[in-house]
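Coordinates in review
What follows is each chain in one-letter form.
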Amino acid sequence: MADRELRTIIIGAGMAGLLAGIKLKERGDSNFVIYEKGESAGGTWRENSYPGLACDTPAHSYCYSFALNPDWSAFYAPGPEIRAYFESMAEQYGLLPHIRFNTEIERCEWHDSQWHIRIKTGETDQSDILVAASGVLHHPSVPDIPGLLDFERPWFHSARWDHSVLLEGQRIGVIGNGSTGVQIVSALAKRAGKLVHFQRSPQWIMPCPDIQYSEEDKQGFRSDPAKIEAVRNGPEAAARRARFTAAIIDMESPELAEIQEIVEKNLEVSIRDPVLKEKLRPNYRAACKRMIFSAHYYNAVQEPAVFLENKAIERVEATGIRMNDGTFHELDVLAIATGFDVGKFVRPMQFFGESGLELDEIWATGPRAYYAVTVPRFPNLCLLNGPTGPVGNFSLVDIAEKQWAYFDQLVDLIRSGQCKTVAPSMEALQAYEAARDKDAMRTVFASGCKSWYLNDQGVPQVWPWSYDHFVTVMSEPRLEDYVLTA
Ligand code: NAP
């Protein structure tokens, strides 16, 4: 019997949405549309353009396994290059005719065995399969700092960088020292007249190599793809991944102790001034907050123009920032690198499953999905890089590829006529969540710091098991955990 032809709607033309489109085309299925709220592809790499933007996952791992790129300019590729890579993928794989740019979906509703979506313009569309690849980190979180709106000079969130604003020689303030703030300060330390880095909590910094690839290196990657494979999965990469996962899933592991030693030594040998050293020393374990990799930050904070401010911000005034001890920093520009509203996932889109069940009901205590991919009573729905998936310092491209391969096996059941709908049972989600919550409390993320990984109860909302376990469970869905309807 011929496969049943299905129509698929994909939300988002970032790395994961493009992947879904490429994989559908690969199997000869062109019956899909990708709705993208922005004006071009690339997702987070389109939205972020701040100075110093880079990916702290090795570039050769941060690309599709079927479209390796010998031309990366560095071991850690700059953001614009990554954006260009994903844009080129959209073109190369013939996805552009499938993408509707500047089209924001506001509502997705399952009824009459189909997904019915409504676009902001009022237009509607239907499909058998819905893929939410709308990203995790794209709703900027602007802090509730008193007086912020009174600042009379240019200010913006790191994900809304205003490139018309002059930086050279200016007095620049950067609030936040997550991966973003650290990258911005590293990039601007030599360009600013004065740069104040406002740090609420210190961060451990993992040293990393600053490897730029020469033409000769690139030629080597071109002529011998095994060299790329070695960077992706060679013994060094495998050991790094194994050490890192062992460390994050068990706060008492020797691997975490080893990482702790590395970051402490990095602080010790890199920072000369003992006062600055203590300002930069966290009082929690390495990797409790997302690990920051930087070859340049400790040099940057020791540049003469840079001042690390670790007192509490009292308020923002018209021309600068007042600290709680009365100190005032006059600023020409203020960049807010305070992260993203991470609980949102598919929101603000509204999702309704079987019998009008609203996703917010299932997500009343936080976003959740069975093995991070599927949701009970929301049939034929796939979340890519959804809640509780592996995070930390993994390649999300690799994670999305494995999640897609898993979901595609479920869709095969529909294609082949074995069923019309597929969704996990509520019991399966509950069992997954109970096991996940329990094991999440052993991870380093629960070892005593505040971070965006934690829910209101302090339970990390992450994958608490090994990378190998992720690979195993994604290799084949456990059909006994699924409800199939004919
Ligand atoms: P983030 O990790 O959430 O860090 C936010 C920073 O803002 C923290 O330093 C936080 O301080 C500070 N902050 C928040 N509210 C504040 C307030 N009211 N007053 C003062 N400080 C405040 O955000 P991010 O650096 O933008 O990174 C977000 C995520 O993006 C990362 O975890 C990562 O997944 C991703 N990212 C990845 C890369 C990459 O290379 N792959 C690069 C950049 C970003 P506290 O620590 O005290 O809360």
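Quick caveat, the model's predicted, so the values are computed rather than measured.

So, the overall build of the protein chain
- Looking only at helices and strands, the protein chain features 14 helices and 21 strands.
- Taking 486 residues into account, the globule formula puts the C-alpha radius of gyration at 23 Å, and the protein chain, at 23 Å, falls close to it.
- For the protein chain, with 486 residues in total, the buried portion stands at 55%.
- Contacts in the protein chain between residues at least 24 apart in sequence constitute 69% of all its contacts with a sequence separation of at least 6.
- A total of about 20,600 Å² of accessible surface is found on the protein chain, and carbon and sulfur atoms cover 50% of it.
- Here the protein chain carries 49 positive and 65 negative side-chain charges, and the mean point of each set is 3 Å from the other.

A word on the pattern of salt bridges
- A full pass over the atoms with the stated rule returns 46 salt bridges.
- Residue D71 pairs with R222 through a salt bridge whose shortest N-O separation is 2.6 Å. Of this pair, D71 sits in the loop between α2 (44-47) and α3 (79-92) while R222 is found in helix α5 (residues 215-223), placing the two residues 151 residues apart along the sequence.
- Among the residues examined, D71 registers a relative accessible area of 37% and is labelled partly exposed.
- Given a relative accessible area of 36%, R222 falls into the partly exposed group.
- Ionic pairing is found between E268 and R281, a salt bridge with its closest N-O pair at 3.7 Å. Of the two residues, E268 sits in helix α8 (residues 254-270) while R281 sits in the loop between α9 (274-279) and β12 (292-293), which places them 13 residues apart along the sequence.
- Given the relative accessible area of 43%, E268 is considered partly exposed.
- For R281, a relative accessible area of 28% translates into the label partly exposed.

Notes on helix α14 (residues 467-475)
- For α14, the set of buried residues is Y467, F470, V473 and M474. End-on, the buried residues of α14 take up no more than an arc of 125°, which puts them together on one face. More than 90 degrees from the buried face of α14, the exposed residues found are D468 and T472.
- On its buried side, α14 packs onto α7 (235-249) and α12 (396-415).

Focus: the packing of aromatic side chains
- The final tally for this structure, using the stated rule, is 27 aromatic pairs.
- Centre to centre, the rings of Y64 and F66 are 5.0 Å apart; their planes meet at 5°, and the pair counts as stacked.
- Look at Y64 and you get buried, because its relative accessible area is 0%.
- Between the aromatic rings of W463 and F470, the centroid separation amounts to 5.4 Å while the plane-to-plane angle is 85°, which identifies the pairing as edge-to-face. Accessibility assignment for this pair places W463 and F470 in one class, buried.
- Members of the aromatic cluster, joined through ring pairs, are W45, Y62, Y64, F66, W72, Y85, F86 and Y93.
- Stacked on the ring of Y467, the Lys or Arg R241 has its end atom at 5.0 Å from the ring centre.

A look at the site of the ligand
- The environment of the ligand is made up of 23 residues, and the closest members are D56, N177, T180, S201 and K289.
- The side chain of N177 places a nitrogen or oxygen atom 2.7 Å from an oxygen atom of the ligand.
- Here an oxygen atom of the ligand sits 2.7 Å away from a polar atom, N or O, in the side chain of T180.
- Contact with the protein chains removes 83% of the 910 Å² of surface that the ligand exposes when unbound.
- The biggest single contributor to the shell around the ligand is helix α4 (residues 179-188), with 3 residues.
- Classifying every residue of the shell around the ligand gives 10 nonpolar, 9 polar and 4 charged.

Remarks on the state of the cysteines
- Applying the stated rule across the entire model yields 1 disulfide.
- The partner cysteine of C288 in its disulfide is C449, sulfur to sulfur 2.1 Å. Taking the sign of the S-S torsion, -100° for the link of C288 and C449, the bridge is left-handed. Taken together, the residues C288 in the loop between α9 and β12 and C449 in the loop between α13 (426-440) and α14 connect sequence positions 161 residues apart. When sorted by exposure, C288 lands in the same class as C449, which is buried.
- No disulfide involves C382; its sulfur sits 13 Å from that of C108, the nearest cysteine.
- Judged by relative accessible area, which is 0%, C382 ranks as buried.
- Unpaired in terms of disulfides, C419 finds its nearest cysteine sulfur in C382, a separation of 15 Å.

Rules of the game
Residues numbered from 1 in each chain as written. Predicted model: local features only at pLDDT ≥ 70, side-chain atom pairs only at ≥ 80, totals over all residues. Heavy atoms only, no water. Helix = DSSP H or I, 4+ residues; strand = E, 2+ residues; numbered from the N terminus. Rg over C-alpha atoms; globule rule 2.2 N^0.38 Å. Buried < 20%, exposed > 50% of the residue type's maximum accessible area, 1.4 Å probe, protein only. Contact = heavy atoms within 4.5 Å. Areas by Shrake-Rupley, 256 points an atom, 1.4 Å probe, with all protein chains shown as cover. Lys, Arg positive; Asp, Glu negative; His and termini not counted. Charge placed at Lys NZ, Arg CZ, Asp CG, Glu CD. Salt bridge = Lys/Arg side-chain N within 4 Å of Asp/Glu carboxyl O. Arc of directions from axis to C-beta. Phe/Tyr/Trp six-rings, centres within 6.5 Å; stacked < 30°, edge-to-face > 60°. Lys NZ or Arg CZ within 6 Å of the ring centre and 35° of its normal. Near = heavy atom within 4 Å. Polar contact = N/O pair within 3.5 Å; in protein donor to acceptor, adjacent residues only side chain to side chain. Nonpolar A, V, L, I, M, F, W, Y, C, P; charged D, E, K, R; others polar. Disulfide = S-S within 2.5 Å.

Shape is all these values report; function is a separate question.
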